Amino acid sequence: MEFKDYYSAMGVPPDASADDIKRTRRKLARKYHPDLSKEPDATERMKEINEAYEVLGDAQKRAAYDKLRQSGFRQGQQFQPPPGWDEGFEFSGGGPDPAGRGFSDFFESLFGGLHRHTRGGRASGRGEDHHARILIDLGDAFTGARRQISVHAPEWDESGHVRLRERVLDVTIPKGIRPGQLLRLPGQGQPAPGGGTPGDLYLDVEFRPHPLYRLDGVDLYLDLPVAPWEAALGSDVRVPTPVGPVEMKIPAGTDNGRKLRLRGRGLPAATPGDLYVVLGVVLPDASSPKARQIYETMARELAFDPRKDLERQT
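Residues numbered from 1 in each chain as written. Predicted model: local features only at pLDDT ≥ 70, side-chain atom pairs only at ≥ 80, totals over all residues. Heavy atoms only, no water.

Q: Got a minute to help me understand the packing of helix α2 (residues 18-32) against helix α3 (residues 42-56) in this structure?
A: For the pair α2 and α3, interaxial distance at closest approach is 10 Å and the crossing angle is 165°. Considered as vectors, α2 and α3 are oriented roughly antiparallel to each other. For α2 against α3, the interelement crossing comes out left-handed. From α2, I21, K22, R25, L28, A29 and Y32 reach across to α3, where they touch A42, R45, M46, I49, N50, Y53 and L56. (Axes fitted to C-alpha atoms, helices over the stretch in contact; angles between N-to-C directions. Helix = DSSP H or I, 4+ residues; strand = E, 2+ residues; numbered from the N terminus. Parallel < 35°, antiparallel > 145°, perpendicular 65-115°, else oblique. Left-handed = near helix turned anticlockwise from the far one by under 90°. Contact = heavy atoms within 4.5 Å.)

If you want it as C-alpha cells, here you go:
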C-alpha cells in the first residue's frame, strides 16, 4: 500500500484554509467530472479528488492525517499505519460510511472504521457520539488501573484552519480488557443543540508495543534466550511474566525454537490466556582462548553433524 498525499492530489498547500479547500474542490469537479470532462483520466482523478476532500474538508480527519504526514511520509512511499498514529483524536460518526464510496485501501486503513458505535445528532435531539483511540500499557490489563487520558477534539477556527481542543479525562481501565474493546464514557461526546442530552465518548483501546511480550488474542508470547547447555542438559530458569517472574523447567534435549506453555499466564479472562515461551539458543562468544579451546574440544569429540538431514534428502 502506498502513502497518498492529499494536498498534492488537490494541488493546495498544507496551510490551505477550509474555504480554500472547498473552492479548489469545486474548481476541480468542473474540470474532471466524468459527465462533463474530456480529460482521459477524468474518472480516476475525480475519485482522487473526492477522497482527498473527504479528509482535508473534515477537521477531525485532517488533524489526524496532518500528524501522520508530518512524520515524514511522502506520496508513493510504501506505507502501513504506525501503531497509535491517531491516538487521542476525537472523531464523530453518523451518516454513510465513506468506505462505501470506493475509496482507496490507504483511506480505508486510516478512516474505514470511524462510523461504528455512534448515534445521536440533530434528528434525535441528542448530542452526537464521539470516539477516540487510546493506548494503554499491557500491565493495565492484568491489574486494572485509573488513568488520566488526554483527547483532542479537532475543530475549525475563525480563519478556517484546524485547531485542537484538548481535555483530560479520568478513565477506569478494567482488569482483563483486550485490544479493540470499547470504554464508554456517558455524556462526554458532542453537546446537544438546545441543551439536550450530550452524546457519549467511546474509547477504542489498543495496547502499546511491549519490549518483551507479543499478544495473540488472550495469549502472550515471550522469546527467552537460553544457553546451549541449558537446552541440552535441561535446566530450571526464571521467566518474566507481566505479574512477576516464575520458575520454568526446560526439558533436556530441547531444540532451538521450541515453545513451552505457562498455562493461565496470559491475559486475564473467564478462561485466562496462556504464556508461550519460545526458546532461542544463544551461543557463547568464542573470542577468548578458553572459549575457543572448549569449542575445539567439542568439534573433535562430539559426533555431531547439524546437516545430516539435508544430506539424506539429496
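Once you've had a look at it, read on.
Q: Please clarify how the nonpolar core should be interpreted in this entry.
A: Soluble globular proteins: nonpolar side chains tend toward being buried together. Grouped together as the largest cluster of nonpolar side chains are 36 residues, with contacts concentrated most on L203, V239 and M248. Residues Y6, M10, A64 and F107 belong to the second largest nonpolar core, which totals 30 residues. (Core = buried A, V, L, I, M, F, W, Y, C linked by side-chain atoms within 4.5 Å. Buried < 20%, exposed > 50% of the residue type's maximum accessible area, 1.4 Å probe, protein only.)

Q: Looking at this model, I keep getting lost on the packing of aromatic side chains. Mind explaining?
A: Working definition: an aromatic ring pair is given by the centre-to-centre distance plus the angle between the planes. A complete count under the given rule lists 14 aromatic pairs for this structure. Here the aromatic rings of F91 and F111 are separated by 6.4 Å at their centres, their planes lie at 65°, and the arrangement is edge-to-face. With F91 in strand β1 (residues 90-92) and F111 in helix α5 (residues 105-111), this residue pair connects regions lying 20 residues apart in the sequence. Neither residue differs from the other here; F91 and F111 are each classed as buried. Linked through ring pairs, F3, Y6, Y7, Y65, F73, F79 and F106 together constitute an aromatic cluster. (Phe/Tyr/Trp six-rings, centres within 6.5 Å; stacked < 30°, edge-to-face > 60°.)

Q: Mind showing me how you'd approach the sheet that holds strand β6 (residues 201-207) here?
A: Strand pairing within a sheet occurs via backbone hydrogen bonds; the two strands may be parallel or antiparallel. Strands sit in the order β1-β2-β6-β5 across an open sheet of four strands; the sheet is mixed. Unpaired on one side and paired on the other, β1 and β5 (182-185) mark the two borders of the sheet. Strand-to-strand twist in this sheet, taken as the mean axis angle between neighbours without regard to direction, amounts to 30°. Pairing of β5 with β6 involves four bridges; the strand directions are antiparallel. Note that in β6 the partner of L185 across the bridge is L201. Contacts from helix α4 (residues 59-69) reach β1 and β2 (130-136), with the element oriented near 145° to β1. (Pairing = 2+ DSSP bridges.)

Q: Would you take a moment to explain α3 for this structure?
A: Since the α-helix turns once every 3.6 residues, residues separated by three or four places project in the same direction. The end-to-end C-alpha distance of α3 is 20 Å, a good match for the 21 Å that 15 residues give at a rise of 1.5 Å each. Listed as buried for α3 are A42, R45, M46, I49, E51, A52, E54, V55 and L56. On its buried face, α3 is in contact with α1 (6-10), α2, α4, α5 and β3 (145-156). (Expected span 1.5 Å × (residues − 1).)

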